[in-house]
Amino acid sequence: NFFNGAIETVTPGVSLILPGINIPFVEGILALAVLLFVHECSHALLARVAKIKLRSAGVLIFGFIPLGAFVDPDDEELNKSKKEEQGRVIVAGSTSNFILAFISLFLYIGLLMMPLNVYDTGISVLNFKEGLPLEKGDIVYSIDGIEIESLDHFISLRENAVPYANVSLITNRGEIILPTNEYAQMNIYFSPLIKSSFGWYVFLKNFFALLFSLNFFVGMINLLPLPLFDGHHLLNIGLGDKNKIILQIVNAIVIGAMLINILPIFL
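Residues numbered from 1 in each chain as written. Predicted model: local features only at pLDDT ≥ 70, side-chain atom pairs only at ≥ 80, totals over all residues. Heavy atoms only, no water.

Asker: Just to check I follow, could you spell out the overall build of the protein chain for this structure?
Answerer: Per the secondary structure count, the protein chain includes seven helices and eight strands. Whereas a compact globule of 267 residues would reach a radius of gyration of roughly 18 Å, the protein chain reaches 24 Å, over 25% beyond that. Considering only C-alpha atoms, the protein chain reaches an extent of 75 × 40 × 35 Å along its principal axes. By residue count, 39% of the 267 residues in the protein chain fall in the buried class. For the protein chain, contacts bridging at least 24 residues in sequence account for 64% of all contacts bridging at least 6. Summed over its atoms, the accessible surface of the protein chain is roughly 15700 Å², and 66% of this surface lies on carbon and sulfur atoms. Here the protein chain contributes 16 positive and 23 negative side-chain charges, whose respective centroids are spaced 15 Å apart. (Helix = DSSP H or I, 4+ residues; strand = E, 2+ residues; numbered from the N terminus. Rg over C-alpha atoms; globule rule 2.2 N^0.38 Å. Buried < 20%, exposed > 50% of the residue type's maximum accessible area, 1.4 Å probe, protein only. Contact = heavy atoms within 4.5 Å. Areas by Shrake-Rupley, 256 points an atom, 1.4 Å probe, with all protein chains shown as cover. Lys, Arg positive; Asp, Glu negative; His and termini not counted. Charge placed at Lys NZ, Arg CZ, Asp CG, Glu CD.)

Here's what the structure looks like:
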């Protein structure tokens, strides 16, 4: 959301990442595919560096949407290798995700800093409070008779807003009257309006934004000490067989925290 790379502005608790539902469709599929490829290839590469055989590798696909991937090193050879080598193989996936995330961030910033006249007059409605007579993608050209030159111009105009007042918006669907709340807000989430000729710019902007955010959070979440996650295997190596009870306690605490985060979906 920070990068305007999501469709929904609020997601309670834990949610599935679904291209076309809560992230852009094409950019989302590509970002997920790159994320999975880099993550699993890093595991495979470090395993081969440590001379550990790979038994299998694969990708979980729903239709043509990549949902997951795996690399399966030989457990016997992995367990016989040094702890340092085991740790490097396990942490390789998340490390590569973090590296790719920050490369994507620099590319995103570089794209924004390009001297291109990409923005048009007006602003676009990205999301809004339920019940307002708006649609996602509506274009707002003026507010109370003042033409909106840019998003920054609109933000400066909002400083003059009055609580509990009616505001006139001229949009691509005609005039819409909206009330302000006690904070002089209209409960609308706007984004800059980009000229139609710069579709490639929007695509790259969304792609780099998603590539950063997805790689960063997947890399971080994957290091949590949860069963089947890399963090679980990493902690298991560090604690050793004599401290299994500590691993189980940590697992239980983290699983409990995850379940608490999932609860808002059902409320």
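From this point, the discussion proceeds with the structure in view.
Asker: Before we go on, may I ask you to explain the nonpolar core in this structure?
Answerer: Nonpolar side chains tend toward joint burial in soluble globular proteins. Ranked by size, the top nonpolar core spans 18 residues in total, and within it Ala31, Tyr201 and Leu214 carry the most contacts. Of all elements in the fold, only helix H1 (25-49), helix H3 (83-112) and helix H5 (199-221) reach the threshold of two or more residues within this core. Apart from the residues within four sequence positions on either side, Ala31 is in contact with Phe207, Leu210, Leu211 and Leu214. Membership of the second largest hydrophobic core comes to 16 residues, among which are Ile143, Leu169, Leu178 and Phe190. (Core = buried A, V, L, I, M, F, W, Y, C linked by side-chain atoms within 4.5 Å.)

Asker: Got a minute to help me understand a nonpolar patch on the surface in this structure?
Answerer: Judged by side-chain polarity, Phe102, Phe106, Ile109, Leu112, Met113 and Tyr119 come together as a nonpolar surface patch covering roughly 630 Å² of accessible area. Sorting elements by how many residues they give to the nonpolar patch places H3 first, with four residues. Looking at the element boundaries, Tyr119 is found in strand S3 (residues 119-128). The class for Tyr119 is partly exposed, based on a relative accessible area of 38%. (Patch = residues over 30% accessible without salt bridge, like charges linked within 9 Å, V, L, I, M, F, W, Y side chains within 5 Å. Salt bridge = Lys/Arg side-chain N within 4 Å of Asp/Glu carboxyl O.)

Asker: Explain the environment of Phe62 here, please?
Answerer: Among the secondary structure elements, Phe62 is positioned in strand S1 (residues 54-62). Expressed as a C-alpha distance, the spacing of Phe62 and Asp138, which sit 76 residues apart in the sequence, is 32 Å.

Asker: Which parts of the structure should I look at to understand the packing of H3 against helix H6 (residues 230-239)?
Answerer: Running from N to C, H3 and H6 cross one another at 170°; their axes reach a closest spacing of 9 Å. Here H6 runs roughly antiparallel to H3, going by the angle between their axes. Contacts from Lys83, Gln86, Gly87, Ile90 and Val91 of H3 reach H6 at Asp230, His233, Leu234 and Ile237. Residues that form the contact of H3 with H6 fall into these classes: four nonpolar, three polar and two charged. (Axes fitted to C-alpha atoms, helices over the stretch in contact; angles between N-to-C directions. Parallel < 35°, antiparallel > 145°, perpendicular 65-115°, else oblique. Nonpolar A, V, L, I, M, F, W, Y, C, P; charged D, E, K, R; others polar.)

Asker: Before we go on, may I ask you to explain the packing of aromatic side chains in this structure?
Answerer: Working definition: an aromatic ring pair is given by the centre-to-centre distance plus the angle between the planes. This structure, assessed with the given rule, holds 10 aromatic pairs. Ring centres 5.9 Å apart and planes at 65° place the aromatic pair Phe98 and Phe216 in the edge-to-face group. With Phe98 in helix H3 and Phe216 in helix H5, the pair connects residues that are 118 residues apart, well separated along the chain. The exposure class assigned to Phe216 is partly exposed, which follows from its relative accessible area of 24%. Joined through ring pairs, the aromatic side chains of Phe98, Phe102, Phe212, Phe216 and Phe217 make up one cluster. (Phe/Tyr/Trp six-rings, centres within 6.5 Å; stacked < 30°, edge-to-face > 60°.)

Keep in mind that these numbers describe shape and distance, not what the molecule does.
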